[in-house]
Amino acid sequence: MQNTFTRLRRVGLRPPAVAASLLALALVLSPTVAGAAPGDDPNLSQTIDANEPIVHGDDVIATGHVDMGPKFDGSTWKFLLNDDAHKSDANAQSVWRYPDETVLRVVDAAELTVPESDTYSFVGAQPGTKVWVVPQTQNPDVVWAGWNTQDPTVMQKIDRGATFSVDGVQGPGPLTVYLQSGDFGAPQVLWDSRKTGSQDVWVDTNTHTHANWVFTKPGVYLVRMTAAATLVDGSKVSDTELIRFAVGSSTSTDEALAASWKGAVPTGAAPAAASDAPTAAASGAAAGTSAAGRSPLVPVLAAAIAVVAVALVVGFSVAVVRGNRTRRRVLAAHGTAATITTTTDNAGGPAGPSDRTDGVDGAGR
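All values reported here derive from a predicted model rather than from experimental measurement.

**Overview of the confidence of the model for the protein chain**
Working step 1: The predicted model of the protein chain averages 73 in pLDDT, with 61% of residues at 70 or higher.
Working step 2: The low-confidence segment residues 1-39, where pLDDT is below 50, has 65 contacts with residues more than four positions distant or belonging to other chains.
Working step 3: Every residue in residues 274-301 is under pLDDT 50, and counting partners more than four places away or in other chains gives 41 contacts.

**What about the nonpolar core?**
Working step 1: Core analysis: the largest hydrophobic core is formed by 42 residues, its most contacted members being M68, W191, W213, F215 and F245.
Working step 2: Top element by residues in this core is strand 16 (residues 219-230). It accounts for five residues.

**Notes on empty space enclosed by the protein**
Working step 1: Taken as a whole and judged by the stated rule, the model has one cavity of 30 Å³ or more.
Working step 2: Estimates place the volume of the largest cavity at around 40 Å³.
Working step 3: Looking at the largest cavity, the residues that line it are V166, V169, L175, V177, W191, D192, S193, W213 and V223.
Working step 4: Contributing elements (two or more residues each) for the lining of the largest cavity: strand 10 (161-170), strand 11 (175-179) and strand 12 (188-192).

**Description of the packing of aromatic side chains**
Working step 1: Evaluated as defined, the whole model comprises 11 aromatic pairs.
Working step 2: Centre to centre, the rings of F122 and Y178 are 5.2 Å apart; their planes meet at 85°, and the pair counts as edge-to-face. One end of the pair, F122, is in the loop between strand 7 (111-113) and strand 8 (130-134); the other, Y178, is in strand 11, with 56 residues separating them in the sequence.
Working step 3: Under the relative-accessibility criterion, F122 is labelled buried at 18%.
Working step 4: A network of ring pairs unites the aromatic residues W147, W191, W213, F215, Y221 and F245 as a single cluster.
Working step 5: In this arrangement the basic side chain of K157 is found over the ring face of F72, its NZ or CZ atom lying 4.7 Å from the centre.

**What to know about the side chain of D83**
Working step 1: When you line up the elements, D83 lands in strand 4 (residues 76-83).
Working step 2: Given a relative accessible area of 10%, D83 falls into the buried group.
Working step 3: One polar contact links D83 to R97, side chain to side chain, over a distance of 3.0 Å.
Working step 4: Once you skip the residues sitting within four places of it in the chain, D83 turns out to touch D59, I61, H65, V66, Q93, S94, V95 and R97.

**Observations regarding the pairing of strand 10**
Working step 1: Counting buried residues in strand 10 gives eight out of 10 residues, a clear majority hidden from the surface.
Working step 2: In this structure, strand 10 lies alongside strand 13 (residues 199-204), joined through six bridges in antiparallel fashion. Paired with G161 across the bridge in strand 13 is D204.
Working step 3: Pairing analysis gives seven bridges linking strand 10 to strand 16, with the strands arranged antiparallel. Looking across to strand 16, one finds that S165 is bridged to T226.

**Description of the pattern of salt bridges**
Working step 1: Enumeration according to the criterion identifies nine salt bridges in this entry.
Working step 2: Two residues, D239 and K78, come together in a salt bridge whose shortest N-O distance is 3.5 Å. Placement of D239 in strand 17 (residues 236-247) and of K78 in strand 4 is noted, with a sequence separation of 161 residues between them.
Working step 3: Residue classification places K78 among the buried residues on the basis of a relative accessible area of 13%.
Working step 4: D167 is the salt-bridge partner of R224, the closest N and O atoms lying 3.7 Å from each other. Residue R224 is found in strand 16, and its partner D167 is found in strand 10; the two are separated by 57 residues along the sequence.
Working step 5: Looking at R224, the relative accessible area reads 0%, which means it is buried.
Working step 6: Classification of D167 by relative accessible area gives buried; the value is 9%.

About the cut-offs
Residues numbered from 1 in each chain as written. Predicted model: local features only at pLDDT ≥ 70, side-chain atom pairs only at ≥ 80, totals over all residues. Heavy atoms only, no water. pLDDT = per-residue confidence, 0-100. Contact = heavy atoms within 4.5 Å. Core = buried A, V, L, I, M, F, W, Y, C linked by side-chain atoms within 4.5 Å. Buried < 20%, exposed > 50% of the residue type's maximum accessible area, 1.4 Å probe, protein only. Helix = DSSP H or I, 4+ residues; strand = E, 2+ residues; numbered from the N terminus. 1 Å grid on protein atoms, 1.4 Å probe; cavity = no way out; pocket = protein on both sides within 12 Å on 5 of 7 lines; lining within 4 Å. Points joined across faces, edges and corners; volume = space filled by probe spheres on them. Phe/Tyr/Trp six-rings, centres within 6.5 Å; stacked < 30°, edge-to-face > 60°. Lys NZ or Arg CZ within 6 Å of the ring centre and 35° of its normal. Polar contact = N/O pair within 3.5 Å; in protein donor to acceptor, adjacent residues only side chain to side chain. Pairing = 2+ DSSP bridges. Salt bridge = Lys/Arg side-chain N within 4 Å of Asp/Glu carboxyl O.

Following this line, the structure appears as structure tokens:
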């Protein structure tokens, strides 16, 4: 916020005008730096220690830096949370946590007002209403959630990069995740909970990115995310996890830890690693029809019809050949040679055989 005041002063606004501008443009000015390029923000320049351990146990992260990203747990590819506690506390150790045991708490300090601008209509909230924003640039009072592909073993084993996907979102309101370059750059929407199907984002190797996460209502949100990659040996790896958010200071983190996904697994999605089978977002829960709902008799009946059709064709051909042979014998008995031809009717289908003798038409003339 202090940086925002400084920036407005530089463009010539006096303090009262600054306050009014902040009220009207809070959401516009909060995401000020693009997260895709580490050079834009010194906080994005980082190196992950290969010795950072994976720990188990329920935990709530309400402030500080945390990244989602792939890491090998032994020989198993996993999609985990990198709790970068050491960045804010020199005596703390940065660790990797399992998403199903971790809640990202978005407190009321994250509240911002949707500006009177069509630019942000995609967030799904009316201008003037409050939303909760995990910002692209760090706010020390709010959890700073991003993602990276910087674990040393991951960088060594993956081929060029990984795909991060949101397969569905369960929560009380829409969630959108977007990037924005500079104060007034056009927002680049990465994920939108109102869309159905997998929403994929390619992430290069050794990338550290932060974006804006906009929650329109307080409550528990479960975000079903997948990290997939092709390794340098050609094998494919993938892991799907549930990222848990407790949005609003009054939302119970215990409720967020205990929440399970309700409904069917999104069409084409892999099972998540959570204890309960996850579902699609509320907007996409009915997407697709399961193959299990189709009758197993359909392929059997189709095959039977095909066999009958072939048999009819063969039978018809045999009957025609035998009829022709009989006619030849009859004509031969009368000392007359026969020529058998097949004609086509006006509809393009076979009209049947036509018997003609040399110099004699079908009427015997």
